[in-house]
Amino acid sequence: MTDRSFKVALLGAGTVGSQVARILTEDAEELASRIGSRPELIGIAVRDTTAARDTTVDAALYTTDAEALIDAADVVIELTGGIEPARTRILRALSGGAAVVTGNKALLAKHGTELQRAADAAGVQLSYEAAVAGAIPILRPLRDSLAGDRITRVLGIMNGTTNFILDAMDSTGAQFDDALAEAQRLGYAEADPTADVEGHDAAAKAAIVASLAFHSEFTIDDVHCEGIREISADDVAAAQADGYVIKLLAVCELDGEGVNIRVHPTLIPRKHPLASVRDAYNAVFVESRDAGELMFYGPGAGGAPTASAVMGDFVTLSRRKVLGGPAIPDQSHRNLEATSLSRVVSRYTVGLHVKDKLGVLARIAQVFADHGISIQTMHQTKHPEHEAGEPETTIRIVTHRTTDERLEGTLAEISALPTVDRVTSIIRVEN
Ligand code: NDP
Ligand code: HSE
(Lines give C-alpha, C1' and ligand atoms only; values in the text may rest on other atoms or scores of the structure.)
(Ligands and ions follow the chains in the order given, each with its own letter.)
Protein backbone atom coordinates (compact mmCIF):
# COMPACT_ATOMS: atom_id res chain seq x y z
CA MET A 1 0.00 0.00 0.00
CA THR A 2 1.28 3.50 -0.83
CA ASP A 3 1.66 6.11 1.93
CA ARG A 4 -0.19 8.62 -0.22
CA SER A 5 -3.86 9.23 0.47
CA PHE A 6 -6.30 10.39 -2.19
CA LYS A 7 -9.12 12.84 -1.71
CA VAL A 8 -12.79 11.90 -1.94
CA ALA A 9 -15.67 14.38 -2.20
CA LEU A 10 -19.17 13.12 -1.47
CA LEU A 11 -22.11 15.10 -2.89
CA GLY A 12 -25.31 14.24 -1.01
CA ALA A 13 -26.01 12.69 2.39
CA GLY A 14 -29.57 11.46 1.92
CA THR A 15 -30.82 7.87 1.80
CA VAL A 16 -27.80 6.61 -0.18
CA GLY A 17 -25.17 9.27 0.52
CA SER A 18 -25.48 8.87 4.30
CA GLN A 19 -24.77 5.13 3.93
CA VAL A 20 -21.77 5.81 1.70
CA ALA A 21 -20.45 8.32 4.28
CA ARG A 22 -20.90 5.68 7.00
CA ILE A 23 -18.98 3.03 5.04
CA LEU A 24 -16.18 5.46 4.09
CA THR A 25 -15.86 6.35 7.79
CA GLU A 26 -16.31 2.95 9.46
CA ASP A 27 -14.40 0.86 6.89
CA ALA A 28 -11.57 3.32 6.22
CA GLU A 29 -8.80 0.82 7.06
CA GLU A 30 -10.27 -2.07 5.08
CA LEU A 31 -10.93 0.18 2.06
CA ALA A 32 -7.34 1.43 2.18
CA SER A 33 -6.10 -2.18 2.03
CA ARG A 34 -8.38 -3.07 -0.87
CA ILE A 35 -7.52 0.04 -2.87
CA GLY A 36 -3.82 0.17 -2.04
CA SER A 37 -4.02 3.78 -0.87
CA ARG A 38 -5.93 5.61 1.84
CA PRO A 39 -9.17 7.37 0.81
CA GLU A 40 -9.59 10.65 2.66
CA LEU A 41 -13.16 11.93 2.80
CA ILE A 42 -12.56 15.68 2.48
CA GLY A 43 -16.18 16.83 2.68
CA ILE A 44 -19.86 16.13 2.09
CA ALA A 45 -21.92 18.61 0.10
CA VAL A 46 -25.53 19.06 1.23
CA ARG A 47 -28.18 21.75 0.97
CA ASP A 48 -28.67 22.22 4.71
CA THR A 49 -25.65 21.86 7.02
CA THR A 50 -27.83 22.28 10.13
CA ALA A 51 -30.04 19.22 9.45
CA ALA A 52 -29.80 16.26 11.88
CA ARG A 53 -27.33 13.70 10.44
CA ASP A 54 -25.71 10.33 11.17
CA THR A 55 -23.53 10.89 14.25
CA THR A 56 -20.84 8.39 13.16
CA VAL A 57 -19.74 10.93 10.51
CA ASP A 58 -17.69 14.01 11.52
CA ALA A 59 -20.15 16.94 11.49
CA ALA A 60 -17.37 19.29 10.31
CA LEU A 61 -17.36 17.52 6.92
CA TYR A 62 -20.73 18.94 5.86
CA THR A 63 -20.63 21.95 3.57
CA THR A 64 -22.78 23.75 1.03
CA ASP A 65 -19.73 24.59 -1.13
CA ALA A 66 -19.85 21.63 -3.51
CA GLU A 67 -17.64 23.33 -6.12
CA ALA A 68 -14.72 23.85 -3.72
CA LEU A 69 -14.95 20.16 -2.71
CA ILE A 70 -15.00 19.00 -6.33
CA ASP A 71 -11.99 21.10 -7.26
CA ALA A 72 -9.96 19.56 -4.45
CA ALA A 73 -10.97 15.92 -5.04
CA ASP A 74 -9.39 12.95 -6.85
CA VAL A 75 -12.70 11.06 -6.78
CA VAL A 76 -16.19 12.58 -6.64
CA ILE A 77 -19.22 10.53 -5.57
CA GLU A 78 -22.42 12.22 -6.74
CA LEU A 79 -25.56 11.19 -4.82
CA THR A 80 -27.69 14.32 -4.92
CA GLY A 81 -29.99 13.33 -7.80
CA GLY A 82 -31.76 15.41 -10.46
CA ILE A 83 -30.36 17.01 -13.60
CA GLU A 84 -28.91 20.32 -12.36
CA PRO A 85 -26.66 21.17 -10.65
CA ALA A 86 -25.58 17.49 -10.74
CA ARG A 87 -24.74 17.61 -14.47
CA THR A 88 -22.60 20.76 -14.24
CA ARG A 89 -20.83 19.44 -11.14
CA ILE A 90 -20.00 16.07 -12.71
CA LEU A 91 -18.68 17.82 -15.85
CA ARG A 92 -16.58 20.07 -13.61
CA ALA A 93 -15.17 17.06 -11.76
CA LEU A 94 -14.36 15.15 -14.97
CA SER A 95 -12.74 18.09 -16.73
CA GLY A 96 -10.68 18.68 -13.60
CA GLY A 97 -9.36 15.11 -13.80
CA ALA A 98 -11.40 13.54 -10.99
CA ALA A 99 -12.98 10.11 -11.45
CA VAL A 100 -16.74 10.11 -10.79
CA VAL A 101 -19.15 7.58 -9.29
CA THR A 102 -22.84 8.38 -9.54
CA GLY A 103 -26.19 6.66 -9.03
CA ASN A 104 -28.06 9.37 -10.90
CA LYS A 105 -30.08 7.43 -13.52
CA ALA A 106 -32.27 10.43 -14.39
CA LEU A 107 -29.15 12.38 -15.39
CA LEU A 108 -27.46 9.45 -17.17
CA ALA A 109 -30.58 8.62 -19.17
CA LYS A 110 -30.70 12.19 -20.46
CA HIS A 111 -27.07 13.33 -20.66
CA GLY A 112 -25.13 10.05 -20.43
CA THR A 113 -23.44 10.55 -23.81
CA GLU A 114 -22.26 14.04 -22.88
CA LEU A 115 -20.89 12.84 -19.54
CA GLN A 116 -19.18 9.79 -21.05
CA ARG A 117 -17.55 11.94 -23.75
CA ALA A 118 -16.31 14.37 -21.09
CA ALA A 119 -14.84 11.42 -19.15
CA ASP A 120 -13.21 10.03 -22.32
CA ALA A 121 -11.79 13.45 -23.23
CA ALA A 122 -10.27 13.80 -19.76
CA GLY A 123 -9.13 10.14 -19.67
CA VAL A 124 -10.92 9.51 -16.38
CA GLN A 125 -13.42 6.91 -15.25
CA LEU A 126 -17.18 7.47 -14.93
CA SER A 127 -18.97 4.61 -13.13
CA TYR A 128 -22.64 4.22 -12.32
CA GLU A 129 -23.50 0.65 -11.28
CA ALA A 130 -25.92 1.98 -8.61
CA ALA A 131 -28.01 3.71 -11.26
CA VAL A 132 -29.74 0.46 -12.26
CA ALA A 133 -31.33 -2.09 -9.93
CA GLY A 134 -29.79 -0.92 -6.64
CA ALA A 135 -27.36 -3.49 -5.24
CA ILE A 136 -27.56 -5.88 -8.20
CA PRO A 137 -24.38 -6.00 -10.28
CA ILE A 138 -25.90 -5.71 -13.75
CA LEU A 139 -24.10 -2.93 -15.62
CA ARG A 140 -20.63 -4.40 -15.19
CA PRO A 141 -21.79 -7.85 -16.38
CA LEU A 142 -23.34 -6.18 -19.44
CA ARG A 143 -20.27 -4.08 -20.17
CA ASP A 144 -17.47 -6.46 -19.14
CA SER A 145 -18.53 -10.08 -18.51
CA LEU A 146 -20.69 -10.27 -21.66
CA ALA A 147 -18.40 -8.08 -23.78
CA GLY A 148 -17.61 -11.02 -26.07
CA ASP A 149 -21.20 -12.18 -26.49
CA ARG A 150 -24.20 -10.81 -28.39
CA ILE A 151 -27.11 -9.77 -26.19
CA THR A 152 -30.53 -10.16 -27.77
CA ARG A 153 -32.90 -9.14 -24.97
CA VAL A 154 -32.90 -7.73 -21.45
CA LEU A 155 -36.12 -8.01 -19.48
CA GLY A 156 -36.60 -7.04 -15.89
CA ILE A 157 -38.23 -5.55 -12.86
CA MET A 158 -36.06 -2.45 -12.41
CA ASN A 159 -38.06 -0.30 -10.02
CA GLY A 160 -38.33 -1.29 -6.37
CA THR A 161 -41.08 1.15 -5.41
CA THR A 162 -43.57 -0.04 -8.02
CA ASN A 163 -42.73 -3.69 -7.34
CA PHE A 164 -43.33 -3.03 -3.63
CA ILE A 165 -46.70 -1.40 -4.43
CA LEU A 166 -47.87 -4.08 -6.89
CA ASP A 167 -46.72 -6.86 -4.54
CA ALA A 168 -48.59 -5.30 -1.61
CA MET A 169 -51.75 -4.90 -3.74
CA ASP A 170 -51.43 -8.54 -4.85
CA SER A 171 -50.52 -10.20 -1.56
CA THR A 172 -52.25 -8.12 1.14
CA GLY A 173 -54.92 -6.27 -0.82
CA ALA A 174 -53.26 -2.98 0.24
CA GLN A 175 -54.52 0.22 -1.33
CA PHE A 176 -52.17 1.93 -3.80
CA ASP A 177 -51.65 5.09 -1.69
CA ASP A 178 -50.85 3.16 1.54
CA ALA A 179 -48.31 0.96 -0.24
CA LEU A 180 -46.67 4.03 -1.84
CA ALA A 181 -46.42 5.80 1.54
CA GLU A 182 -44.71 2.74 3.03
CA ALA A 183 -42.26 2.53 0.09
CA GLN A 184 -41.40 6.21 0.66
CA ARG A 185 -40.91 5.62 4.39
CA LEU A 186 -38.48 2.79 3.63
CA GLY A 187 -36.40 5.05 1.33
CA TYR A 188 -37.18 3.19 -1.91
CA ALA A 189 -39.01 5.98 -3.71
CA GLU A 190 -37.45 8.91 -5.56
CA ALA A 191 -37.71 12.41 -4.03
CA ASP A 192 -40.71 12.84 -6.36
CA PRO A 193 -42.41 9.41 -6.44
CA THR A 194 -44.11 10.33 -9.71
CA ALA A 195 -40.88 9.17 -11.37
CA ASP A 196 -41.44 5.69 -9.90
CA VAL A 197 -45.20 5.42 -10.32
CA GLU A 198 -45.33 6.77 -13.89
CA GLY A 199 -42.52 4.42 -14.96
CA HIS A 200 -39.96 7.19 -15.67
CA ASP A 201 -37.42 5.77 -13.22
CA ALA A 202 -37.62 2.32 -14.84
CA ALA A 203 -37.50 3.98 -18.27
CA ALA A 204 -34.30 5.81 -17.35
CA LYS A 205 -32.77 2.49 -16.24
CA ALA A 206 -33.96 0.78 -19.42
CA ALA A 207 -32.21 3.46 -21.53
CA ILE A 208 -28.96 2.95 -19.59
CA VAL A 209 -29.21 -0.85 -19.87
CA ALA A 210 -30.04 -0.76 -23.59
CA SER A 211 -27.10 1.57 -24.29
CA LEU A 212 -24.64 -0.85 -22.66
CA ALA A 213 -26.28 -4.07 -23.87
CA PHE A 214 -26.49 -2.95 -27.50
CA HIS A 215 -23.38 -0.70 -27.69
CA SER A 216 -25.44 2.29 -28.83
CA GLU A 217 -26.61 5.61 -27.42
CA PHE A 218 -30.16 5.72 -26.11
CA THR A 219 -31.87 8.29 -23.94
CA ILE A 220 -35.08 8.18 -21.94
CA ASP A 221 -36.83 9.76 -24.96
CA ASP A 222 -36.27 6.48 -26.84
CA VAL A 223 -38.27 4.50 -24.25
CA HIS A 224 -42.01 3.88 -24.54
CA CYS A 225 -43.24 4.31 -20.98
CA GLU A 226 -46.47 3.42 -19.15
CA GLY A 227 -46.78 3.55 -15.35
CA ILE A 228 -48.89 1.72 -12.78
CA ARG A 229 -51.18 4.51 -11.61
CA GLU A 230 -54.08 3.12 -13.64
CA ILE A 231 -53.74 -0.40 -12.22
CA SER A 232 -56.81 -1.02 -10.07
CA ALA A 233 -57.64 -3.55 -7.39
CA ASP A 234 -60.01 -5.09 -9.99
CA ASP A 235 -57.11 -5.57 -12.43
CA VAL A 236 -55.05 -7.25 -9.70
CA ALA A 237 -57.95 -9.51 -8.68
CA ALA A 238 -58.73 -10.45 -12.30
CA ALA A 239 -55.07 -11.29 -12.90
CA GLN A 240 -55.06 -13.43 -9.75
CA ALA A 241 -58.18 -15.29 -10.85
CA ASP A 242 -56.48 -16.19 -14.14
CA GLY A 243 -53.21 -17.30 -12.49
CA TYR A 244 -51.24 -14.14 -13.29
CA VAL A 245 -49.51 -11.39 -11.35
CA ILE A 246 -49.01 -7.80 -12.57
CA LYS A 247 -45.43 -6.48 -12.68
CA LEU A 248 -43.92 -3.30 -14.14
CA LEU A 249 -41.51 -4.72 -16.72
CA ALA A 250 -38.71 -3.00 -18.59
CA VAL A 251 -37.93 -4.66 -21.93
CA CYS A 252 -34.95 -3.90 -24.20
CA GLU A 253 -34.82 -6.16 -27.25
CA LEU A 254 -33.32 -6.37 -30.69
CA ASP A 255 -36.04 -5.56 -33.21
CA GLY A 256 -34.88 -5.96 -36.80
CA GLU A 257 -32.08 -3.47 -37.33
CA GLY A 258 -32.90 -1.55 -34.15
CA VAL A 259 -33.74 -1.91 -30.48
CA ASN A 260 -37.18 -1.67 -28.93
CA ILE A 261 -37.12 -0.25 -25.40
CA ARG A 262 -40.28 -0.10 -23.34
CA VAL A 263 -41.65 -0.06 -19.80
CA HIS A 264 -45.20 -1.10 -19.02
CA PRO A 265 -47.32 -3.09 -16.56
CA THR A 266 -47.40 -6.72 -17.67
CA LEU A 267 -49.33 -9.82 -16.64
CA ILE A 268 -46.94 -12.71 -16.05
CA PRO A 269 -47.89 -16.26 -15.08
CA ARG A 270 -47.44 -17.02 -11.37
CA LYS A 271 -44.97 -19.79 -12.19
CA HIS A 272 -42.70 -17.38 -14.12
CA PRO A 273 -39.47 -16.66 -12.16
CA LEU A 274 -40.20 -12.90 -12.25
CA ALA A 275 -43.55 -13.52 -10.49
CA SER A 276 -41.67 -14.50 -7.32
CA VAL A 277 -39.81 -11.18 -7.15
CA ARG A 278 -41.40 -9.62 -4.06
CA ASP A 279 -41.23 -6.37 -2.06
CA ALA A 280 -38.69 -3.86 -3.41
CA TYR A 281 -36.53 -6.57 -4.97
CA ASN A 282 -35.48 -6.30 -8.61
CA ALA A 283 -34.58 -8.99 -11.13
CA VAL A 284 -33.04 -8.68 -14.58
CA PHE A 285 -33.06 -11.42 -17.25
CA VAL A 286 -30.43 -11.25 -19.94
CA GLU A 287 -30.72 -13.36 -23.08
CA SER A 288 -27.66 -13.66 -25.28
CA ARG A 289 -26.48 -15.67 -28.26
CA ASP A 290 -23.84 -17.71 -26.44
CA ALA A 291 -24.49 -17.51 -22.69
CA GLY A 292 -28.21 -18.22 -23.13
CA GLU A 293 -30.42 -17.01 -20.28
CA LEU A 294 -28.96 -15.31 -17.19
CA MET A 295 -30.89 -13.91 -14.24
CA PHE A 296 -29.67 -11.27 -11.78
CA TYR A 297 -31.70 -10.81 -8.58
CA GLY A 298 -31.42 -8.69 -5.44
CA PRO A 299 -32.44 -5.55 -3.53
CA GLY A 300 -33.27 -2.89 -6.11
CA ALA A 301 -33.43 0.14 -3.85
CA GLY A 302 -32.72 1.45 -0.37
CA GLY A 303 -29.79 3.18 1.30
CA ALA A 304 -27.39 0.38 2.29
CA PRO A 305 -27.97 -1.88 -0.77
CA THR A 306 -27.43 1.03 -3.16
CA ALA A 307 -24.38 2.16 -1.19
CA SER A 308 -22.93 -1.33 -1.76
CA ALA A 309 -23.05 -0.76 -5.54
CA VAL A 310 -21.59 2.75 -5.15
CA MET A 311 -18.73 1.41 -3.04
CA GLY A 312 -18.03 -1.36 -5.56
CA ASP A 313 -17.52 1.29 -8.24
CA PHE A 314 -15.54 3.44 -5.84
CA VAL A 315 -13.07 0.70 -4.91
CA THR A 316 -12.65 -0.42 -8.53
CA LEU A 317 -11.99 3.01 -10.01
CA SER A 318 -9.86 4.09 -7.05
CA ARG A 319 -7.60 1.04 -7.51
CA ARG A 320 -7.31 1.87 -11.19
CA LYS A 321 -6.44 5.47 -10.30
CA VAL A 322 -3.85 4.37 -7.74
CA LEU A 323 -2.28 1.87 -10.16
CA GLY A 324 -2.33 4.48 -12.94
CA GLY A 325 -4.27 2.40 -15.49
CA PRO A 326 -6.18 4.11 -18.30
CA ALA A 327 -9.92 4.67 -17.96
CA ILE A 328 -12.27 2.45 -20.01
CA PRO A 329 -13.57 4.59 -22.90
CA ASP A 330 -17.07 4.61 -24.37
CA GLN A 331 -18.08 1.54 -26.43
CA SER A 332 -21.19 2.76 -28.22
CA HIS A 333 -20.01 1.95 -31.75
CA ARG A 334 -23.06 0.10 -33.16
CA ASN A 335 -25.28 3.18 -33.50
CA LEU A 336 -28.53 1.18 -33.45
CA GLU A 337 -31.78 3.18 -33.58
CA ALA A 338 -34.70 2.85 -31.20
CA THR A 339 -37.75 1.32 -32.92
CA SER A 340 -41.40 2.24 -32.53
CA LEU A 341 -43.75 0.27 -30.30
CA SER A 342 -46.42 0.00 -33.00
CA ARG A 343 -45.11 -3.22 -34.54
CA VAL A 344 -44.17 -4.99 -31.28
CA VAL A 345 -46.16 -8.23 -30.98
CA SER A 346 -47.78 -9.19 -27.67
CA ARG A 347 -50.87 -10.68 -26.05
CA TYR A 348 -53.16 -8.23 -24.27
CA THR A 349 -55.82 -8.21 -21.61
CA VAL A 350 -58.46 -5.54 -22.17
CA GLY A 351 -61.09 -4.45 -19.62
CA LEU A 352 -64.30 -2.88 -20.95
CA HIS A 353 -67.20 -1.34 -19.05
CA VAL A 354 -70.31 -1.96 -21.19
CA LYS A 355 -74.11 -2.08 -21.24
CA ASP A 356 -75.35 -5.53 -20.25
CA LYS A 357 -77.75 -6.22 -23.11
CA LEU A 358 -78.37 -8.52 -26.06
CA GLY A 359 -75.70 -8.52 -28.77
CA VAL A 360 -73.08 -6.38 -26.99
CA LEU A 361 -70.52 -9.18 -26.64
CA ALA A 362 -71.09 -10.37 -30.19
CA ARG A 363 -70.57 -6.84 -31.58
CA ILE A 364 -67.31 -6.39 -29.65
CA ALA A 365 -66.05 -9.81 -30.75
CA GLN A 366 -66.84 -8.84 -34.35
CA VAL A 367 -64.72 -5.67 -34.12
CA PHE A 368 -61.78 -7.73 -32.86
CA ALA A 369 -62.28 -10.17 -35.76
CA ASP A 370 -62.58 -7.31 -38.28
CA HIS A 371 -59.15 -6.06 -37.17
CA GLY A 372 -57.63 -9.54 -37.41
CA ILE A 373 -57.22 -10.01 -33.66
CA SER A 374 -58.05 -13.45 -32.30
CA ILE A 375 -59.64 -13.62 -28.83
CA GLN A 376 -58.20 -16.22 -26.47
CA THR A 377 -60.58 -15.84 -23.51
CA MET A 378 -63.49 -13.61 -22.59
CA HIS A 379 -64.93 -13.18 -19.10
CA GLN A 380 -67.99 -11.22 -17.98
CA THR A 381 -68.37 -10.09 -14.37
CA LYS A 382 -71.71 -10.93 -12.78
CA HIS A 383 -73.06 -7.70 -11.29
CA PRO A 384 -76.02 -7.48 -8.88
CA GLU A 385 -79.32 -6.55 -10.47
CA HIS A 386 -79.59 -2.79 -10.88
CA GLU A 387 -82.56 -1.03 -9.38
CA ALA A 388 -82.67 1.77 -11.90
CA GLY A 389 -81.17 2.57 -15.28
CA GLU A 390 -79.70 0.19 -17.83
CA PRO A 391 -77.70 -2.73 -16.37
CA GLU A 392 -73.95 -2.50 -16.91
CA THR A 393 -71.12 -4.98 -16.63
CA THR A 394 -67.36 -5.38 -17.01
CA ILE A 395 -65.85 -7.75 -19.54
CA ARG A 396 -62.22 -8.83 -19.78
CA ILE A 397 -60.81 -10.07 -23.03
CA VAL A 398 -57.45 -11.78 -23.44
CA THR A 399 -56.19 -11.68 -27.02
CA HIS A 400 -53.82 -13.89 -28.94
CA ARG A 401 -50.63 -12.23 -30.16
CA THR A 402 -51.13 -9.02 -32.10
CA THR A 403 -49.45 -5.65 -32.65
CA ASP A 404 -49.94 -2.54 -30.58
CA GLU A 405 -50.99 -0.70 -33.73
CA ARG A 406 -53.74 -3.21 -34.49
CA LEU A 407 -55.04 -3.18 -30.92
CA GLU A 408 -55.12 0.61 -30.92
CA GLY A 409 -57.32 0.64 -34.05
CA THR A 410 -59.60 -2.01 -32.58
CA LEU A 411 -60.11 -0.18 -29.31
CA ALA A 412 -60.72 3.14 -31.06
CA GLU A 413 -63.64 1.50 -32.89
CA ILE A 414 -64.92 -0.31 -29.79
CA SER A 415 -64.80 2.87 -27.67
CA ALA A 416 -67.08 4.56 -30.20
CA LEU A 417 -69.82 1.90 -29.86
CA PRO A 418 -72.90 3.29 -28.05
CA THR A 419 -73.02 0.20 -25.82
CA VAL A 420 -69.44 0.69 -24.58
CA ASP A 421 -69.03 3.04 -21.65
CA ARG A 422 -65.19 2.99 -21.48
CA VAL A 423 -62.02 0.94 -21.80
CA THR A 424 -60.98 0.35 -18.17
CA SER A 425 -57.56 -1.22 -18.74
CA ILE A 426 -55.11 -2.46 -21.37
CA ILE A 427 -52.29 -4.63 -20.02
CA ARG A 428 -49.77 -6.71 -21.97
CA VAL A 429 -49.38 -10.41 -21.19
CA GLU A 430 -45.99 -12.18 -21.13
CA ASN A 431 -45.69 -15.94 -21.35
P1 NDP B 1 -32.12 11.87 -1.16
O2 NDP B 1 -33.17 12.81 -1.64
O3 NDP B 1 -32.42 11.00 0.01
O4 NDP B 1 -30.79 12.70 -0.79
C5 NDP B 1 -30.30 13.73 -1.61
C6 NDP B 1 -29.09 14.37 -0.90
O7 NDP B 1 -28.51 15.30 -1.79
C8 NDP B 1 -29.46 15.13 0.36
O9 NDP B 1 -28.46 14.98 1.34
C10 NDP B 1 -29.50 16.60 -0.11
O11 NDP B 1 -29.10 17.53 0.88
C12 NDP B 1 -28.43 16.56 -1.17
N13 NDP B 1 -28.67 17.56 -2.20
C14 NDP B 1 -29.73 17.67 -3.04
N15 NDP B 1 -29.56 18.71 -3.88
C16 NDP B 1 -28.38 19.27 -3.56
C17 NDP B 1 -27.65 20.39 -4.04
N18 NDP B 1 -28.13 21.14 -5.03
N19 NDP B 1 -26.46 20.66 -3.47
C20 NDP B 1 -25.98 19.92 -2.46
N21 NDP B 1 -26.61 18.84 -1.96
C22 NDP B 1 -27.79 18.53 -2.51
O23 NDP B 1 -31.68 11.00 -2.43
P24 NDP B 1 -31.23 9.47 -2.46
O25 NDP B 1 -30.11 9.27 -1.54
O26 NDP B 1 -32.41 8.58 -2.38
O27 NDP B 1 -30.72 9.35 -3.98
C28 NDP B 1 -29.49 9.89 -4.37
C29 NDP B 1 -29.22 9.44 -5.83
O30 NDP B 1 -29.12 8.03 -5.86
C31 NDP B 1 -30.30 9.82 -6.82
O32 NDP B 1 -29.73 10.09 -8.06
C33 NDP B 1 -31.17 8.56 -6.91
O34 NDP B 1 -31.84 8.45 -8.13
C35 NDP B 1 -30.07 7.51 -6.79
N36 NDP B 1 -30.52 6.21 -6.32
C37 NDP B 1 -31.29 6.12 -5.20
C38 NDP B 1 -31.70 4.89 -4.74
C39 NDP B 1 -32.55 4.73 -3.52
O40 NDP B 1 -32.94 3.60 -3.22
N41 NDP B 1 -32.85 5.80 -2.78
C42 NDP B 1 -31.32 3.67 -5.44
C43 NDP B 1 -30.50 3.87 -6.61
C44 NDP B 1 -30.12 5.11 -7.02
P45 NDP B 1 -29.97 17.76 2.23
O46 NDP B 1 -29.75 16.51 3.05
O47 NDP B 1 -29.36 18.97 2.87
O48 NDP B 1 -31.38 17.94 1.79
N1 HSE C 1 -36.81 4.76 -6.67
C2 HSE C 1 -36.00 3.71 -7.16
C3 HSE C 1 -36.77 2.40 -7.06
C4 HSE C 1 -34.73 3.61 -6.38
O5 HSE C 1 -37.82 2.37 -6.40
O6 HSE C 1 -36.35 1.40 -7.63
C7 HSE C 1 -33.75 2.64 -6.98
O8 HSE C 1 -33.28 3.10 -8.20
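Cut-offs applied
- Residues numbered from 1 in each chain as written.
- Chains lettered and ligands numbered in written order.
- Predicted model: local features only at pLDDT ≥ 70, side-chain atom pairs only at ≥ 80, totals over all residues.
- Heavy atoms only, no water.
- UniProt positions renumbered as here; feature names shortened; annotations may be inferred.
- Helix = DSSP H or I, 4+ residues; strand = E, 2+ residues; numbered from the N terminus.
- Rg over C-alpha atoms; globule rule 2.2 N^0.38 Å.
- Buried < 20%, exposed > 50% of the residue type's maximum accessible area, 1.4 Å probe, protein only.
- Contact = heavy atoms within 4.5 Å.
- Near = heavy atom within 4 Å.
- Polar contact = N/O pair within 3.5 Å; in protein donor to acceptor, adjacent residues only side chain to side chain.
- Areas by Shrake-Rupley, 256 points an atom, 1.4 Å probe, with all protein chains shown as cover.
- Nonpolar A, V, L, I, M, F, W, Y, C, P; charged D, E, K, R; others polar.

In the annotation of an unreviewed UniProt entry, the entry for the chain reads Homoserine dehydrogenase, and the organism field reads Rothia santali. If you open the UniProt record of the chain and go to Function (unreviewed entry), you find "Catalyzes the conversion of L-aspartate-beta-semialdehyde (L-Asa) to L-homoserine (L-Hse), the third step in the biosynthesis of threonine and methionine from aspartate." Per UniProt, the chain has the following entry under Cofactor (unreviewed entry): "a metal cation".

Undergrad: Sorry, what's going on with the overall build of the chain here?
TA: Looking only at helices and strands, one finds 14 helices and 17 strands in the chain. Over its C-alpha atoms the chain spans a radius of gyration of 24 Å, differing by no more than 12% from the 22 Å that the globule rule assigns to 431 residues. If you line up the chain on its principal axes, its C-alpha atoms span 85 × 45 × 35 Å. Across the 431 residues in the chain, those meeting the buried criterion constitute 52%. Counting contacts in the chain only where the partners sit at least 6 residues apart, residues at least 24 apart contribute 73% of the total.

Undergrad: What exactly am I supposed to notice about the site of ligand 2 here?
TA: Neighbouring residues of ligand 2: Lys-105, Asn-159, Gly-160, Thr-161, Tyr-188, Ala-189, Glu-190, Asp-196, Asp-201, Lys-205, Gly-300 and Ala-301. A distance of 2.7 Å separates a nitrogen atom of ligand 2 from a polar atom in the side chain of Asp-196. Relative to its free-state accessible area of 260 Å², ligand 2 is covered by the protein chains to the extent of 94%. For the shell around ligand 2, the secondary structure elements donating two or more residues are helix 7 (160-171) and helix 10 (200-213). Its residues assigned to classes, the shell around ligand 2 shows 3 nonpolar, 4 polar and 5 charged.

Undergrad: Just checking my understanding: could you explain the UniProt feature "active site" (unreviewed entry) in the chain for this structure?
TA: The feature "active site" (unreviewed entry), as given by UniProt, occupies Lys-205 in the numbering adopted here. Looking at Lys-205, the relative accessible area reads 3%, which means it is buried. Residues contacting Lys-205, with those up to four places away along its chain left out, are Lys-105, Ala-131, Val-132, Ala-133, Met-158 and Asn-159.

Undergrad: Would you mind going over the site of ligand 1 with me for this structure?
TA: Ala-13, Val-16, Asp-48, Arg-53 and Gly-302 are the nearest of the 24 residues found near ligand 1. Within the side chain of Lys-105, an N or O atom sits 3.4 Å from an oxygen atom of ligand 1. For the shell around ligand 1, the per-class residue count stands at 8 nonpolar, 10 polar and 6 charged.

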